[in-house]
Amino acid sequence: MADKVFILPVMQMANLPKGGRAVRYTKYVFKNISAFIKNYTGIFMLIVVCQIVCILLTFFSFGVYQNFRNESMIEQLGTSENIDPDKYYQIYPLTPLPEQYHTAPVNFEGLYKEFGEILKDKMEKIGFDAISPGAQSSDFTFFLAYDSGNIFFDEQIKKNMDMISEKFDGDLGWTTGRMFTRSEYINGDRVCVAPTQCCDEILATLNSDTEESSEETYAYKAYKKNDKWYVNIEGEEYECIGFCNWAGFFIPYKNLPESIVLTDFPYIDLTAPLTPDEFADVVAAYKKYFPDADIEFDEVELVDTEQIYYYNTNMWLSVLIATISAVNLALIMNYILTKRRRTLAIFRITGCSSNNARRIYTLEIMLILNVLFVLCLTAWITLLLPALGNIFPYMQGAFSAKIYVYTYLLYMAISYVIMTIMIARYIRRQPVDLLKVR
């Protein structure tokens, strides 16, 4: 009975347009699943049980890791409160910059790039100040970001200033104009974002309630030429593409006059704590460019390498569970395909290509897996996770929509690849060979 198939529709499918074929694929998938449940009930239940165990085990292993990680961090920090995910991490030199290093910021471009290469996504931005001749305090500020070998102005700064501007009705933060493009900053174009205080005409439009924020004055005044604003800094003319009431002049460091010099060591804002090895590499980079300086750093929070090892082990464990599950499923499906060899041979003889047959069988098993994943996810969120929260107090906070999507994609990708390879190897046999298999 299991080998009785719908031969005529298979012959007709080759002549259908792509949309019609998709409908046929879906029709055959559901018919195959129905026959699978009816004729191989025991094996179908074995697949269901194995996949449910593997999916739930993947969730459980990730949750246990996160619970362990939070408990370890709490123990290290001596607090019973949840770890703040927005905690601020920074590498900040406390030592004053020696006089011999008061040079143009462009001289340390290699250092900025080394920071980026060492820290990668963990580096939020590099910050430092510079000062012009005769100024009482630093009047140039730099916030640098890194991507693919290029240093450019941190784009988050403009977003921060926009939020400040919205809060203070435009009188603080961003005033007018635009921020640098990446190419302008990378190429060192003669453009700048100037402080609002250097332009009397724009400053006069500010609300008088913020007058105290506008008391600071700058030696370089903005002037208008051909409907554009400019500023002359140490004999070099820069177009003012924007104005902000915040923190001095922003200028591409590659085109800064050499008389504008660094006033302090660059500091680094981080998105995550560093490992001891990463911090050692950063310190070595500082030492390379400031060899005569004995730099003392503010306390830096480092992450235990054992925790990282445990995290990586847990991630690979999830991959291993998904792989074992897919291999186990492939072996079971190999048995099912062997039982269906006569059906498959008839499919092939009546015009069904090996690719079409592979799609039908792959869609069949992937549909089963998707249904099981949704059921497991529902049971995990509504029943198991709340119950496990009594045993693992930090497990519930470990999961988010992003984690569930990641787990789904990982599980389905591994299953799809292994199933496709296994089914393709079996289906490419000639119909006569399929009928000979025992």
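Look up a bit, the structure's there.
In this text the structure is predicted, and so the values were computed from the model without any measurement. (Residues numbered from 1 in each chain as written. Predicted model: local features only at pLDDT ≥ 70, side-chain atom pairs only at ≥ 80, totals over all residues. Heavy atoms only, no water.)

A. Representation of the overall build of the protein chain within the structure. Looking only at helices and strands, one finds 13 helices and eleven strands in the protein chain. Evaluated residue by residue, the protein chain yields a buried proportion of 47% over its 438 residues. The contacts of the protein chain with a sequence gap of at least 6 include a subset with a gap of at least 24, amounting to 75%. Taken as a whole, the protein chain presents about 22600 Å² of accessible surface, with 56% of it coming from carbon and sulfur. (Helix = DSSP H or I, 4+ residues; strand = E, 2+ residues; numbered from the N terminus. Buried < 20%, exposed > 50% of the residue type's maximum accessible area, 1.4 Å probe, protein only. Contact = heavy atoms within 4.5 Å. Areas by Shrake-Rupley, 256 points an atom, 1.4 Å probe, with all protein chains shown as cover.)

B. Up close: the packing of aromatic side chains. Counting across every chain of the model gives 26 aromatic pairs. When the centroid spacing of 5.8 Å and the interplanar angle of 65° are considered together, the rings of Phe59 and Phe373 count as edge-to-face. One end of the pair, Phe59, is in helix α3 (residues 41-77); the other, Phe373, is in helix α11 (residues 354-388), with 314 residues separating them in the sequence. A ring pair is formed by Tyr223 and Tyr230, whose centres lie 6.4 Å apart and whose planes are at 25°; its orientation type is stacked. Counting every residue linked through ring pairs, the aromatic cluster contains Tyr112, Phe128, Phe142, Phe143, Phe153, Phe180, Tyr185, Phe250 and Tyr253. The residue whose ring lies beneath Lys158 is Trp174, and the NZ or CZ to ring-centre distance is 4.8 Å. Against the face of Phe152 rests Arg182, its NZ or CZ located 3.9 Å from the ring centre. (Phe/Tyr/Trp six-rings, centres within 6.5 Å; stacked < 30°, edge-to-face > 60°. Lys NZ or Arg CZ within 6 Å of the ring centre and 35° of its normal.)

C. Unusual backbone geometry, seen in detail. Phi is positive for Lys120, which is not a glycine, with a value near 50°. Its place among the elements puts Lys120 in the loop between α4 (109-119) and β2 (123-131). Although it is not a glycine, Ser148 sits at a positive phi angle of roughly 50°. For Ser148, the location among the structural elements is in the loop between β3 (140-147) and β4 (150-153). Residue Ser148 is classed as exposed on the basis of its relative accessible area, which comes to 64%.

D. Inspection of a nonpolar patch on the surface at higher detail. A cluster of nonpolar residues, Tyr416, Val417 and Ile421, forms a patch on the protein surface that exposes about 280 Å² of accessible area. The exposure class assigned to Val417 is partly exposed, which follows from its relative accessible area of 46%. (Patch = residues over 30% accessible without salt bridge, like charges linked within 9 Å, V, L, I, M, F, W, Y side chains within 5 Å. Salt bridge = Lys/Arg side-chain N within 4 Å of Asp/Glu carboxyl O.)

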